[in-house]
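Fold and contact review
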Amino acid sequence: MCTLYLHVYPYSCNKTCNFIRYLLLLLDNNLLGISWVDSGWVPILNPGNVLDYFSERSNPFYDRTCNNEVVKMQRLTLEHLNQMVGVEYILLHAQEPILYIIRKQQRQSPTQVIPLSDYYIIAGVVYQAPDLGTVIGSRVLSAVHGVQSAFDEAMSYCRYHPSKGYWWHFKDQEERDAKAKPKSKKKEEPSSLFQRQRVDTLLLDLRSKFPPMFYQPKPGEKPIPVEVKKETEPPVELVKQEEREREPATKTSAPAPPSSKPPPEKRARLQ
């Protein structure tokens, strides 16, 4: 649509057409994300040869159809660029030995030019300078991203319940409240007399069943084994004699007690 507009109104809207042409060139040559360098030229760069360095064939920012190529092929000086019409490159600013700014422009007449893009060379590395629209778009995108991140973080603290409604739940507030409130220690209830006696009884019972094998007089000293006295068991003959003595006593049982039931009644016999 823009190309058709340029052909239909070539004279009445000269400024508008140039501006549209400039926008189309920006869309076609959007090289803001790349850079170029030739390390062989870096030590010898100066204002006299920086345009030759920029016109290297491997440089993606350089246009081969520009007037600089025509001047170079005809072995003319750069002053003849003012007498030509078309795209050209000039050295706009030089700050030796590190910074050079080159401008790409569309020449309409010896006194009228339209800037298309700027390129800056820092320590031999060539970058394309962003235009005003790209800078504003990047800043607006960064601002929108920050606002969106703030809304997302705010929504993460929002809570809702049908009975309570909406409220804010912040983790930092919980930590502050926890630090502000002193931790109440749980009161330990004293043991009863029954519990203490029962525990002592169990400990004594365990001590009698499992006597200690070693004891330590002082901390750090070597433990001393404890001699456990075993009860002497009676000989087998005495055990057998005691069993014989118990046998007759069990055999002679006591007389049975008289029954308390009355004798049965006598009934008359039927003749």
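Everything numeric here is computed off the predicted structure, so don't read it as measured data.

**Focus: a nonpolar patch on the surface**
There is a patch of nonpolar side chains on the surface, built from L132, I136, V140 and V144 and spanning about 380 Å² of accessible area. Assignment of secondary structure puts V144 in helix 5 (residues 132-156).

**A closer look at the environment of G40**
Position of G40 among the secondary structure elements: in the loop between strand 1 (36-37) and helix 3 (50-54). Taking the relative accessible area as the measure of exposure, G40 reaches 51% and is therefore exposed.

**Some details on the packing of aromatic side chains**
Per the counting criterion, the structure on display carries nine aromatic pairs. Consider the rings of F61 and Y119, whose centres lie 5.4 Å apart with planes at 55 degrees: the pair is tilted. Of the two residues, F61 sits in the loop between helix 3 and helix 4 (67-73) while Y119 sits in strand 4 (residues 112-122), which places them 58 residues apart along the sequence. Note on F61: relative accessible area 2%, which makes it buried. Judged by its relative accessible area of 4%, Y119 is buried. Put simply, the rings of F54, F61, Y62, Y89 and Y119 pair up and form one aromatic cluster. Positioned above the aromatic ring of W167 is the side chain of K164, whose terminal nitrogen or guanidinium carbon lies 5.6 Å from the ring centre.

**Quick look at the pattern of salt bridges**
Evaluated as defined, the whole model comprises three salt bridges. Between D118 and R103 there is a salt bridge, with its nearest N and O atoms 3.0 Å apart. Separated by 15 residues along the polypeptide, D118 in strand 4 and R103 in strand 3 (residues 99-109) bring together distant segments of the chain. A residue is classified by how much of its surface remains accessible, and D118, at 24% relative accessible area, is partly exposed. Since its relative accessible area comes to 22%, R103 is described here as partly exposed. Residue D205 is joined to K209 by a salt bridge in which the shortest nitrogen-to-oxygen separation is 3.9 Å. Of this pair, D205 and K209 both sit in helix 7 (residues 193-209), separated by four residues, roughly a single helical turn. Residue classification places K209 among the exposed positions, given a relative accessible area of 56%.

**Some details on the nonpolar core**
Within the largest apolar cluster, 17 residues are counted, with the highest numbers of intra-cluster contacts made by F54, Y89, I102, I121 and V126. Elements represented by at least two residues in this core include exactly helix 3, strand 2 (86-95), strand 3 and strand 4. Per element, the largest residue contribution to this core is four residues, and it comes from helix 3. If sequence neighbours within four positions are ignored, F54 has contacts with N59, F61, Y62, Y89, I102, Y119 and V126.

**A closer look at unusual backbone geometry**
The omega torsion across E96 and P97 is 0 degrees, close enough to zero to call that bond cis. Tracing the sequence through the fold places P97 in the loop between strand 2 and strand 3. Its identity as a non-glycine residue notwithstanding, R75 has a phi of 55 degrees, on the positive side. As for its placement among the helices and strands, R75 is situated in the loop between helix 4 and strand 2. The class for R75 is exposed, based on a relative accessible area of 78%.

**Some remarks on the sheet that holds strand 4**
Spatially, the five strands line up as an open sheet ordered 1-5-4-3-2, and their pairing is antiparallel. Strands with a single pairing partner mark the edges of an open sheet, and in this sheet they are strand 1 and strand 2. As judged from the two bridges shared by strand 1 and strand 5 (residues 125-128), these two strands associate in the antiparallel manner. Within strand 5, the position partnered with W36 by the bridge is V126.

**What about the pairing of strand 6 (residues 158-161)?**
Alignment of strand 6 against strand 7 (residues 165-168), held across four bridges, turns out to be antiparallel. Note on strand 7: the bridge partner recorded for Y160 is Y166.

**Side note on the environment of Q95**
Mapped onto the elements, Q95 comes out in strand 2. Separated by 27 residues in sequence, Q95 and I122 place their C-alpha atoms 9.9 Å apart.

Calculation criteria
- Residues numbered from 1 in each chain as written.
- Predicted model: local features only at pLDDT ≥ 70, side-chain atom pairs only at ≥ 80, totals over all residues.
- Heavy atoms only, no water.
- Patch = residues over 30% accessible without salt bridge, like charges linked within 9 Å, V, L, I, M, F, W, Y side chains within 5 Å.
- Areas by Shrake-Rupley, 256 points an atom, 1.4 Å probe, with all protein chains shown as cover.
- Salt bridge = Lys/Arg side-chain N within 4 Å of Asp/Glu carboxyl O.
- Helix = DSSP H or I, 4+ residues; strand = E, 2+ residues; numbered from the N terminus.
- Buried < 20%, exposed > 50% of the residue type's maximum accessible area, 1.4 Å probe, protein only.
- Phe/Tyr/Trp six-rings, centres within 6.5 Å; stacked < 30°, edge-to-face > 60°.
- Lys NZ or Arg CZ within 6 Å of the ring centre and 35° of its normal.
- Core = buried A, V, L, I, M, F, W, Y, C linked by side-chain atoms within 4.5 Å.
- Contact = heavy atoms within 4.5 Å.
- Pairing = 2+ DSSP bridges.

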